[in-house]
Amino acid sequence: MAGVVDLSKLTAGKNLTEVEEGVLRYIIEHIDSMLKMGVRGVAKENFTSTSTIMRLTKKLGYGGFVDMYYKLLPLVNRVQDNEDTGMHFISSFCSNSLLKYNSYEDIQEFAGRILGLEGGYVFLYATGFSAIPVEYMTKKLLVLGIKCICSNGMDSIGVFENNLENMKMLIVVSRSGETGWVADRVKTARENGIFTVSFTNEARNRVSSMTDMQFCIEDSNKLDDRNMMANTFFPNVIMLMELLIYEYHKVLQNEGKKEE
């Protein structure tokens, strides 16, 4: 299974050389014996130097060889049998992971910011599969009377840049958190004083590190770059969005009571 893993998301923006990519693939394919082999063993099997291995760990953002092993291990653990896979997938729907990675205070703050847009509008952006929950959230906000613009990777950059003036909030969804177009729009929004919100997986990533508010959703198949496997990430993003809308209504009701 590890031999067919698509590593493009893992290596995105890391500027790995061809040799480093080859070493990383070797490590993924031999993850069970990597710790025992050590840096010297991996370097020997790949006809390279130990310094190459250490440069690779730094480029990937790990503290060292051992740290890289323990961070990669849960990503590439082989599935023992189809029954275990099915039970894990089904149980993930029943878990309370939405609040495991996200604080109730952030959910309340988000609701309050939506309520206090004061004539501005929300810009929502994503590409690929992530555009689906963005379109869903756009429709939810529109029926609440909140002005929105929804855009995806097929749109011209002008759709975003020409609407910066009245933009009060930017919401982006990126499963990997490493999508370049998403990161570029977050950067531009921040430079223009716009409040930014991201929905990404729970691992450390570029997009979430750039935004003012981060919502993290567990990704059960981080190396499935083509979204071919079953994954609860996208439905959980929508579930979290529904929780945010629920909290918005609570804040709205509380504001109404204050006015009375």
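Structure: above.
All of the points below concern the structure found in this document. None of these values were measured; they are calculated from a predicted model. (Residues numbered from 1 in each chain as written. Predicted model: local features only at pLDDT ≥ 70, side-chain atom pairs only at ≥ 80, totals over all residues. Heavy atoms only, no water.)

**Side note on the pattern of salt bridges**
Step number 1: By the definition in use, this model includes nine salt bridges.
Step number 2: Between K59 and E20 there is a salt bridge, with the nearest N and O atoms lying 2.9 Å from each other. Of the two residues, K59 is situated in helix α4 (residues 50-59) and E20 in helix α2 (residues 18-29); the sequence distance between them amounts to 39 residues.
Step number 3: Accessibility expressed as a relative area gives 30% for K59, which makes it partly exposed.
Step number 4: In this structure, K140 and E242 form a salt bridge, with 3.4 Å as the shortest nitrogen-oxygen distance. Pair noted here: K140 is in helix α9 (residues 131-143) and E242 is in helix α13 (residues 233-259), with a separation of 102 residues, a long-range link.
Step number 5: A relative accessible area of 25% means that K140 is categorised as partly exposed.
Step number 6: Judged by relative accessible area, which is 28%, E242 ranks as partly exposed. (Salt bridge = Lys/Arg side-chain N within 4 Å of Asp/Glu carboxyl O. Helix = DSSP H or I, 4+ residues; strand = E, 2+ residues; numbered from the N terminus. Buried < 20%, exposed > 50% of the residue type's maximum accessible area, 1.4 Å probe, protein only.)

**Looking at the sheet that holds strand β3 (residues 167-174)**
Step number 1: Read from one edge to the other, the open sheet built from five strands follows the order β2-β1-β3-β4-β5, with strand pairing classed as parallel. Of all the strands in the sheet, just β2 (148-152) and β5 (213-217) have a single pairing partner and so form its edges. Across the sheet, the axes of successive neighbouring strands diverge by a mean angle of 15 degrees, strand direction being ignored.
Step number 2: The pairing of β3 with strand β4 (residues 195-201) spans six bridges and is parallel. Within β4, the residue paired with V173 across the bridge is F199.
Step number 3: Along the sheet, helix α8 (residues 104-115) contacts β1 (121-126), β3, β4 and β5; its crossing angle with β5, the most-contacted strand, is approximately 125 degrees.
Step number 4: Helix-sheet contacts for helix α11 (residues 180-191) involve β1, β3 and β4, and the interaxial angle to β3 is about 160 degrees. (Pairing = 2+ DSSP bridges. Axes fitted to C-alpha atoms, helices over the stretch in contact; angles between N-to-C directions. Contact = heavy atoms within 4.5 Å.)

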